[in-house]
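Analysis of the macromolecular model
Below, each chain spelled out in residue letters.
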Amino acid sequence: MPHVPSVRAVRQDFSRLRACAAVAVGVTLHSTQNSPDENLPAAGLRSAAAFSLTHFHHRLRGSMSRVDSKGKQQAQAIKDAGGVMTHRQILFVIFGLMAGMFLSSLDQTIVSTSMRTIADDLDGLSQQVWVTTAYLILATISTPIYGKLSDIFGRRPLFIIAISIFLVGSIAAGFASSMYELAAFRAIQGLGAGGLMALPLAIMGDILAPRERAKYQGYFLAVFGVSSVVGPLIGGLFAGTPEILFVTGWRWVFLINIPIGLAALAIVLRFLHIPHERRTVRIDWWGAATIIIGLVPLLLVAEQGREWGWGSLGSIACYVIGVIGLAAFVLSEKLMGDDALIPLKLFKSSTFSMATVLGVLVGFGMFGAMMTLPLYLQVVNGATPTESGFLMLPMILGLMISSIVSGQLIARTGKYQMFPTIGTAFVAVGFFVFTFATADKPVWFLMIGMLFVGLGLGQLMQTLTLASQNSVGPRDIGVATSASTFFRQIGGTVGTAVIFSVIFTRWPLNIATAFDSTRIQDGITAALSDPKVAADPANAQIIEILKNPGAAVGSVSGDTSFLNTSDPRLSAAFLEGFANSAITVFWIALAVILVAFVLSFFLKAPPLRAKSALQENADDAAAAVALEADRAASQTAPLVEPGAAARDDNPKK
């Protein structure tokens, strides 16, 4: 086996390269300053420097080429072993998956806790639905595309592409100057995030048997837990700092992805090497086009319907285009057969179909909670972005506990049918608690509901994906995993659009209702008659707004930071209006989760397979070779003349 340099050796090459360049440049400058004939020595030294740089460049390229060759050897060794991977090999692959998942999960937690500050700085709180949903739309649409292409071309190249696109979007988002620009750049991030969310689950399905995955689940839960704890802290720090290195603090919410993403890319390039047999299939371009035509108008009207009017000409046009697009998508998938973006044969399995429906409903509730609660804590309870992130810890803690416990039980018993039912029940209890929230309720009351929601989601997220993967053959692991993630994202995207539309539709109406309250009016009158309140600069903006009731109702569409610094009596109507709007959302989410609870009783749970997709593919390949050998033997046997063997045993004398 050829010698393959270690990462340390490659780094030493880099160091020597930098040292050589520094010496060459230094000597060149010295000679240029002291030689009467500047051109001759400078040119010679530049040539020497260029030679050295070229030498080390070729050596580095050779090193990286040999590292890539080693990766191919590792993949071939796994294939030769019948798809069986050692614990060490599995850990190396998981390192690469963890890096990508950390990038995606950290970004979501940072942005969610910083969105209030970002929206206030760009003067568009009501426009944040575009920022959130643009990301989710592209992530949703790209997810099945990544899954299908990874089945064709392999998981590794698609995972690398996903990380690269995500980094480009992060750089652009860090320099956005308006909410609409930020929404466009978040859409680019979403295009990469679709692969970061789906491919790690597909790769896990490749290398681990369903029951065995629970043993390695702790690694991914640790990544999610760390990002959930660190994300709000970092996001709050950036959002609360005016400037960092001459750049507005909140912009680092996106720029921090650059070093993390480059580290993730390096780990993936080094460790993620698994065997893949490329298949010659048709690429479903029509499916990709029609799903975009079908989904984008429907999601657009879900966000803008409250402004356009649900029965307006623009809304009706979106309904018609969306329905036609989805019908064309179904027809395209039927014509493409097994090569379809989402093969319709998957839905012949009742397990996959029911897990998909549950995924849509759970996605609605999950994203509804994760998007509404931080905003509620910041607007109503006056929490900073950092504080709102830490206040969400009960939900994260519940999610981690229930994921670990349910994963271990699945690994030991092989049974998982009860977890969707128990999980939806816990989530329903959590949302029921939220419906009793009021503007004067303490934060610990909301934390009780968060804990229940987390305990429920932890049992649902992994179980539904496991059920989907277990219901299909090994060749369809990628498309089944991406389809499961896709439909959950559909639920989340629709849920986010509906929830924010309801909140910002109901908030002005609830503010107007709150102003009619005698208690609110008495409080405002008492506050305005207090000289200290009137003289406080922190109250200047809200006092100006209260002079015009119409402006008071419309003020919630822009910068709302004045609500947390003004006198509580002056802001009571605004906070109470938002709390009542959020309660409406919680009732909607509760109704959706209760439907999921009922449907969970109809989920069939066939026994979990004992082999990974790689092992099953290896077994299928070996069986195909044996069958071909038997067929060849049966075809050549008649060519031997009957009795020839007997004559050979008794030759004529």
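Residues numbered from 1 in each chain as written. Predicted model: local features only at pLDDT ≥ 70, side-chain atom pairs only at ≥ 80, totals over all residues. Heavy atoms only, no water.

**What about the overall build of the chain?**
A tally of helices and strands in the chain yields 25 helices and two strands. Every one of the 653 residues in the chain was classed for burial, and the buried ones make up 51%. Excluding contacts between residues fewer than 6 apart, the proportion of contacts in the chain whose partners are at least 24 apart in sequence is 83%. When the accessible surface of the chain is split by element, carbon and sulfur atoms take 68% of a total near 29200 Å². (Helix = DSSP H or I, 4+ residues; strand = E, 2+ residues; numbered from the N terminus. Buried < 20%, exposed > 50% of the residue type's maximum accessible area, 1.4 Å probe, protein only. Contact = heavy atoms within 4.5 Å. Areas by Shrake-Rupley, 256 points an atom, 1.4 Å probe, with all protein chains shown as cover.)

**As for the side chain of Asn470**
Here Asn470 is to be found in helix α16 (residues 443-470). Residue classification places Asn470 among the buried positions, given a relative accessible area of 7%. Other than its neighbours up to four places away in sequence, Asn470 contacts Pro210, Tyr416, Pro606, Pro607, Leu608 and Arg609.

**What about the side chain of Thr372?**
The topology assignment puts Thr372 in helix α12 (residues 350-379). Among all residues touching Thr372, those that are not within four sequence positions of it are Ile499, Ile503, Ala582, Val585 and Phe586.

**Quick word on the confidence of the model for the chain**
Low pLDDT marks regions whose predicted coordinates should not be analysed in detail. Per-chain confidence: the chain averages 75 in pLDDT, with 75% of residues scoring 70 or above. Here helix α1 (residues 7-34) is the element of the chain with the lowest mean pLDDT, 41, and helix α15 (residues 418-434) is the one with the highest, 92. Confidence drops under a pLDDT of 50 for residues 1-60, and excluding neighbours within four residues, the segment shows 34 contacts in the predicted structure. (pLDDT = per-residue confidence, 0-100.)

**A closer look at a nonpolar patch on the surface**
A grouping of Leu397, Ile401, Val405, Leu409, Met418 and Ile422 is seen on the molecular surface, where their side chains present a nonpolar patch of about 490 Å² in accessible area. Those elements that provide at least two residues to the nonpolar patch are α14 (393-413) and α15. Ranked by residue count, the leading element in the nonpolar patch is α14, at four residues. By relative accessible area, which is 45% here, Met418 ends up partly exposed. (Patch = residues over 30% accessible without salt bridge, like charges linked within 9 Å, V, L, I, M, F, W, Y side chains within 5 Å. Salt bridge = Lys/Arg side-chain N within 4 Å of Asp/Glu carboxyl O.)

**Points about the packing of α15 against helix α23 (residues 568-599)**
At a closest axis distance of 9 Å, the pairing of α15 and α23 adopts a crossing angle of 160°. Considered as vectors, α15 and α23 are oriented roughly antiparallel to each other. Like other packed secondary-structure pairs, α15 and α23 cross with a definite hand, here left-handed. Residue-level inspection shows Thr421, Thr424, Ala425, Val427, Ala428, Phe431, Phe432 and Phe434 of α15 in contact with α23, the latter providing Ile583, Phe586, Trp587, Ala589, Leu590, Ile593, Leu594, Ala596 and Phe597. Of the residues that constitute the contact of α15 with α23, the class distribution is 15 nonpolar, two polar and no charged. (Axes fitted to C-alpha atoms, helices over the stretch in contact; angles between N-to-C directions. Parallel < 35°, antiparallel > 145°, perpendicular 65-115°, else oblique. Left-handed = near helix turned anticlockwise from the far one by under 90°. Nonpolar A, V, L, I, M, F, W, Y, C, P; charged D, E, K, R; others polar.)

**Details of helix α9 (residues 257-271)**
A rise of 1.5 Å per residue sets the reference length of α9, with its 15 residues, at 21 Å; its end C-alpha atoms lie 21 Å apart and thus fit the reference within 8%. For α9, the complete set of buried residues consists of Asn257, Ile260, Gly261, Ala264, Leu265 and Val268. Seen from one end, α9 has its buried residues packed into an arc of 135°, which puts them on one side. (Expected span 1.5 Å × (residues − 1). Arc of directions from axis to C-beta.)

**Quick notes on the packing of aromatic side chains**
Inspection of every chain in the model, using the stated rule, returns 14 aromatic pairs. Seen from their ring centres, Phe431 and Phe434 are 5.8 Å apart, and the 85° between their planes marks the pair as edge-to-face. Taken together, the residues span about one helical turn, with Phe431 and Phe434 both in helix α15 at a distance of three residues. Taking relative accessible area as the criterion, Phe434 reaches 0% and is therefore assigned buried. Between the aromatic rings of Phe434 and Phe586, the centroid separation amounts to 5.0 Å while the plane-to-plane angle is 40°, which identifies the pairing as tilted. With Phe434 in helix α15 and Phe586 in helix α23, this pair connects stretches of sequence that are 152 residues apart. Through pairs of rings, three or more aromatic residues link up here, namely Phe347, Phe352, Phe486 and Phe487. For Arg186, the ring lying beneath its charged end belongs to Tyr135, and the centroid distance is 4.1 Å. Across from the ring centre of Phe445, 5.4 Å away, lies the NZ or CZ of Lys441, which sits over that ring. (Phe/Tyr/Trp six-rings, centres within 6.5 Å; stacked < 30°, edge-to-face > 60°. Lys NZ or Arg CZ within 6 Å of the ring centre and 35° of its normal.)

**Quick look at the pattern of salt bridges**
According to the stated counting rule, one finds two salt bridges in the structure shown. Salt-bridge contacts for Asp107 lead to Arg186; the nearest nitrogen and oxygen are separated by 2.9 Å. Separated by 79 residues along the polypeptide, Asp107 in helix α3 (residues 87-121) and Arg186 in helix α6 (residues 179-207) bring together distant segments of the chain.

**A closer look at the environment of Pro297**
Position of Pro297 relative to the elements: it lies in helix α10 (residues 285-308). For the pair formed by Pro297 and Gly314, sequence separation is 17 residues and the distance between their alpha carbons is 9.8 Å. Look past the residues within four positions of Pro297 in its chain and what remains in contact with it is Ile292, Cys318, Ile321 and Gly322.

**Regarding the packing of α16 against helix α17 (residues 477-515)**
Here α16 crosses α17 at 140°, and the two axes come no closer than 9 Å. Here α17 runs oblique to α16, going by the angle between their axes. Seen from above, α16 lies across α17 with right-handed handedness. Of α17, the residues touching α16 (which contributes Met461, Leu464, Thr465, Ser468 and Gln469) are Ile477, Ala480, Thr481, Ser484 and Arg488.

**Digging into α6**
Its 29 residues place the ends of α6 42 Å apart at the C-alpha level, agreeing with the 42 Å of an ideal helix rising 1.5 Å per residue. Largest kink in α6: about 30°, centred on Gly192. Burial runs high along α6: 22 of the 29 residues are buried. (Bend = angle between axes of the 7 residues up to and from the residue.)

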